[in-house]
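# Breakdown of the fold
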Amino acid sequence: MSEIQKADPEARRQALLLIVLAAAVGGLLIAGFEHIREPFREWLASEPAETARRAKLALYAAAFILCVPLVAFAVYLWLLGARVLRAQQFPPPGFRVIRDTPVVEGHGATNRGHVIQIIAVCLGIGGALLWMFFWWLARTIGEGAA
């Protein structure tokens, strides 16, 4: 029988709190955007000479808001995968879990570590491609206005 790492009640509470806070912040952001959508649209088009510059600014802000958390999560996953590979154990020593989790060692753990790092690379590439798309879109808008 393999070893079981017991759940950490504090980690469970923190995970639940994080989910509730993220849902609340997401809901507030959606409601806030719905509230400012019309004034934003009016501001964007209020001065035709400035519309392209303002649209580019909005796109750069959107790129930052969407890409930074994605890349930050990719870095976290890369570091987690590295910890798993170093320890050759999943979950790695000292890692708090929210439910009782069987400890995987050896080849199975290294496979998980590599998969976690592959996911991290895919997220990082996705974030970079999303940023490049926003940059290209902003540049296209800027050239179209010129």
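Residues numbered from 1 in each chain as written. Predicted model: local features only at pLDDT ≥ 70, side-chain atom pairs only at ≥ 80, totals over all residues. Heavy atoms only, no water.

Right, let's talk about the side chain of glutamine 89 for a bit. Within the fold, glutamine 89 resides in strand 2 (residues 89–90). The exposure class of glutamine 89 is buried, given its relative accessible area of 16%. Within polar-contact distance, the side chain of glutamine 89 engages the backbone oxygen of proline 91 at 3.3 Å. Here glutamine 89 is in contact with Val84, Val103, Val104, Glu105 and Ala109, once residues within four sequence places are set aside. (Helix = DSSP H or I, 4+ residues; strand = E, 2+ residues; numbered from the N terminus. Buried < 20%, exposed > 50% of the residue type's maximum accessible area, 1.4 Å probe, protein only. Polar contact = N/O pair within 3.5 Å; in protein donor to acceptor, adjacent residues only side chain to side chain. Contact = heavy atoms within 4.5 Å.)

Under the counting rule described, the total for this entry stands at five aromatic pairs. Taken together, a centroid distance of 6.5 Å and an interplanar angle of 15° make the contact between tryptophan 131 and tryptophan 135 stacked. Here tryptophan 131 pairs with tryptophan 135, and both are found in helix 3 (residues 107–145), just four residues apart, close to one helical turn. Through a chain of ring-to-ring contacts, three or more aromatic side chains come together here, namely Phe133, Phe134 and Trp136. (Phe/Tyr/Trp six-rings, centres within 6.5 Å; stacked < 30°, edge-to-face > 60°.)

Next up on the list: the side chain of threonine 110. In this structure, threonine 110 sits in helix 3. Not counting residues within four places of it along the chain, the set of residues in contact with threonine 110 comprises Leu85 and Gln88.

We now examine the nonpolar core. By size, the foremost hydrophobic cluster in this structure holds eight residues: Leu77, Leu80, Val84, Phe90, Val104, Ala109, Ile116 and Ala120. Elements supplying a minimum of two residues to this core: helix 2 (51–87) and helix 3. Dropping the residues within four chain positions of it, alanine 120 is found in contact with Ala74, Leu77 and Trp78. (Core = buried A, V, L, I, M, F, W, Y, C linked by side-chain atoms within 4.5 Å.)

Okay, the environment of phenylalanine 134 next. Counting through the fold element by element, phenylalanine 134 comes out in helix 3. Between the C-alpha atom of phenylalanine 134 and that of leucine 80, which follows or precedes it by 54 residues, the distance is 29 Å.

In this section: the packing of helix 1 (residues 9–45) against helix 2. The N-to-C vectors of helix 1 and helix 2 enclose an angle of 135°; their axes lie 8 Å apart at closest approach. Our classification of the angle between helix 1 and helix 2 gives oblique. Two secondary-structure elements touch here, helix 1 through Phe40, Trp43, Leu44 and Ala45 and helix 2 through Thr51, Arg54, Ala55 and Ala58. Looking at side-chain class alone, the contact of helix 1 with helix 2 contains six nonpolar, one polar and one charged residues. (Axes fitted to C-alpha atoms, helices over the stretch in contact; angles between N-to-C directions. Parallel < 35°, antiparallel > 145°, perpendicular 65-115°, else oblique. Nonpolar A, V, L, I, M, F, W, Y, C, P; charged D, E, K, R; others polar.)

The subject of this paragraph is helix 2. Between its terminal C-alpha atoms helix 2 stretches 54 Å, which fits the 54 Å expected from 37 residues at 1.5 Å a residue. Largest kink in helix 2: about 25°, centred on cysteine 67, with the proline proline 69 one to four residues after it. Looking at helix 2, one finds that the buried residues are Ala52, Arg54, Ala55, Leu59, Ala63, Cys67, Ala74, Leu77, Leu80, Gly81, Ala82 and Val84. Backbone geometry just after helix 2 places glutamine 88 at a positive phi near 50°. (Expected span 1.5 Å × (residues − 1). Bend = angle between axes of the 7 residues up to and from the residue.)

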